[in-house]
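Residue-level structure breakdown
Here's the letter readout for the chains.
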Amino acid sequence: MLFYIHTFPISEPLLFTWIIMAAVAIACFFLTRNLRKVPRGVQHLLEVAVEGIENVVVGDMGPEGKVFVPLILMVATFVGLSNLIGVVPGAVSPTEDLTTTLTLALFVFVVGHVAAIVKKGFWPWLKGFFEPYFFMFPINLAGEISQVISHAFRLYGNIFGGSILIGIVYMLAPYVLPVPLLAWFGVLMGIIQTAVFTLLAVIYIQIKIN
């Protein structure tokens, strides 16, 4: 524990979560102040990123998936920055902490079920837990719980394990594998895990609403 705010404990993952949230909020404020109809510079890159996420979401969910684009973009941005910040000396990736990844997985889980209720109605949604037979309810419920756990542990395990691996390799062979190479490995791994977590979020929401 780093310090306390009154009696509230502040850990390293929580501190860097707040730092990332503040950085994203400030960046959004400045980058969206002077938007133009014809994009150029940074705005062009932002629109490319948004369109890329939109193409992925709509490609999987169809036109109705557009409503989830801001959510998926937010998840991708936060997970990506959380993964990559660990490359900075002295920083800690929030996604190295199971609490962070479990919260993200639960968030996606709740959004998916709420969207399913809105689209199908409460009773058809509830009925889905008892299909194809009534006695399948415990199995279906276990499947929902395991989905959240696997979603959270996949990201947590890969980021946490990757950070340990990088540390061990650097201690054993600091001159064979220089710091820039190890940093590049961390960046590449962070990008891959961001893509995996984001795509799984899209798929899990799609399964709920279909």
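The preceding data block contains the structure.
So, here is what we can say about the structure in this document.

**Section: the packing of aromatic side chains**
Overall, the coordinates contain ten aromatic pairs when judged by the stated rule. Each ring, one from Phe 29 and one from Phe 30, has its centre 5.1 Å from the other, and the planes form 80 degrees; the classification is edge-to-face. Where Phe 130 meets Phe 137, the ring centres are 4.7 Å apart and the plane angle is 15 degrees; that geometry is what we call stacked. Look at Phe 130 and you get partly exposed, because its relative accessible area is 24%. Assessed through its relative accessible area of 29%, Phe 137 is described here as partly exposed.

**With respect to unusual backbone geometry**
The omega torsion of the bond from Glu 131 to Pro 132 falls at 0 degrees, within 30 degrees of zero and hence cis. With respect to the helices, strands and loops of the structure, Pro 132 is situated in the loop between helix H5 (122–127) and helix H6 (137–172).

**Here's the deal with the side chain of Glu 144**
Its location among the elements puts Glu 144 in helix H6. Owing to a relative accessible area of 18%, Glu 144 belongs among the buried residues under this scheme.

**Quick look at the nonpolar core**
Grouped together as the largest cluster of nonpolar side chains are 27 residues, with contacts concentrated most on Val 57, Met 61, Phe 68, Ile 72 and Ile 205. Those elements giving two or more residues to this core turn out to be helix H1 (12–31), helix H2 (42–61), helix H3 (69–84), helix H4 (98–120), H6 and helix H7 (179–209). Per-element tally for this core: the top contributor is H3, with seven residues. For Met 61, the residues in contact, after removing those within four places along its chain, are Phe 68, Val 202, Ile 205, Gln 206 and Ile 209.

Parameters and conventions
- Sequence positions are assigned chain by chain, starting from 1 and proceeding in written order.
- Local features in this predicted model are restricted to residues whose pLDDT is 70 or higher, and side-chain atom pairs enter the listing and the counts only when it is 80 or higher, whereas totals over whole chains, interfaces and linings include all residues.
- The side-chain values count all of the structure's non-hydrogen atoms but skip hydrogen atoms and water molecules.
- A pair of aromatic rings is counted whenever rings of Phe, Tyr or Trp (Trp by its six-membered ring) have centres within 6.5 Å, and the orientation is called stacked for planes under 30 degrees apart, edge-to-face for over 60 and tilted otherwise.
- Whether a residue is buried, partly exposed or exposed follows from its accessible area with a 1.4 Å probe, protein chains only, as a fraction of its type maximum: under 20%, in between, or over 50%, in that order.
- Helical segments are the DSSP runs of H or I of at least four residues, strand segments are the runs of E of at least two, and each set is numbered from the N terminus.
- Throughout this description, the term nonpolar core refers to a set of buried Ala, Val, Leu, Ile, Met, Phe, Trp, Tyr and Cys residues connected via side-chain atoms within 4.5 Å.
- Only heavy atoms enter the contact rule, under which two residues are in contact if any of them lie within 4.5 Å.

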